[in-house]
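Per-entry structural report
Residue strings, one per chain:
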Amino acid sequence: MSTRDAYTAIADPTRREILDLLRDRGSLMAGEIAANFASASRPGISRHLRVLKECGVVTSRRDGKKHNY
């Protein structure tokens, strides 16, 4: 876990939307999460997910090449 602050991580509106999505729908693959954000690129969503993971707000499990959050 990084020293990133969880409060700083969730201050971003896109990250809060990701957290709302995971709360409402449960575990999702990174691609499924990205598909819900038409205005954001997949690499951009991956960066948001990495920040959330580094500060301990979400966890991920690897399934082959895919990440399940």
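Residues numbered from 1 in each chain as written. Predicted model: local features only at pLDDT ≥ 70, side-chain atom pairs only at ≥ 80, totals over all residues. Heavy atoms only, no water.

Topic: helix 4 (residues 42-54)
Compared with the 18 Å implied by 1.5 Å per residue over 13 residues, the 18 Å span of helix 4 between its first and last C-alpha is a close match. Looking only at helix 4, the buried set comprises Gly-44, Ile-45, His-48, Leu-49, Val-51 and Leu-52. One face of helix 4 carries all of its buried residues, which in axial projection span an arc of 160°. Considering only its buried residues, helix 4 is in contact with helix 1 (6-9), helix 2 (13-25) and helix 3 (30-34). For helix 4, the capping residue at the N-terminal end is Ser-41, with a side-chain oxygen 3.0 Å from the backbone nitrogen of Gly-44. Backbone geometry just after helix 4 places Gly-56 at a positive phi near 85°. (Helix = DSSP H or I, 4+ residues; strand = E, 2+ residues; numbered from the N terminus. Expected span 1.5 Å × (residues − 1). Buried < 20%, exposed > 50% of the residue type's maximum accessible area, 1.4 Å probe, protein only. Arc of directions from axis to C-beta. Contact = heavy atoms within 4.5 Å. Polar contact = N/O pair within 3.5 Å; in protein donor to acceptor, adjacent residues only side chain to side chain.)

Describing the pattern of salt bridges
The full count for this structure, using the stated rule, is two salt bridges. A salt bridge links Asp-20 to Arg-23; the shortest N-O distance between them is 3.2 Å. With Asp-20 and Arg-23 both in helix 2, this residue pair falls three residues apart, about one helical turn. For the salt bridge of Arg-23 with Asp-24, the shortest nitrogen-to-oxygen distance reads 3.0 Å. Given the relative accessible area of 56%, Asp-24 is considered exposed. (Salt bridge = Lys/Arg side-chain N within 4 Å of Asp/Glu carboxyl O.)

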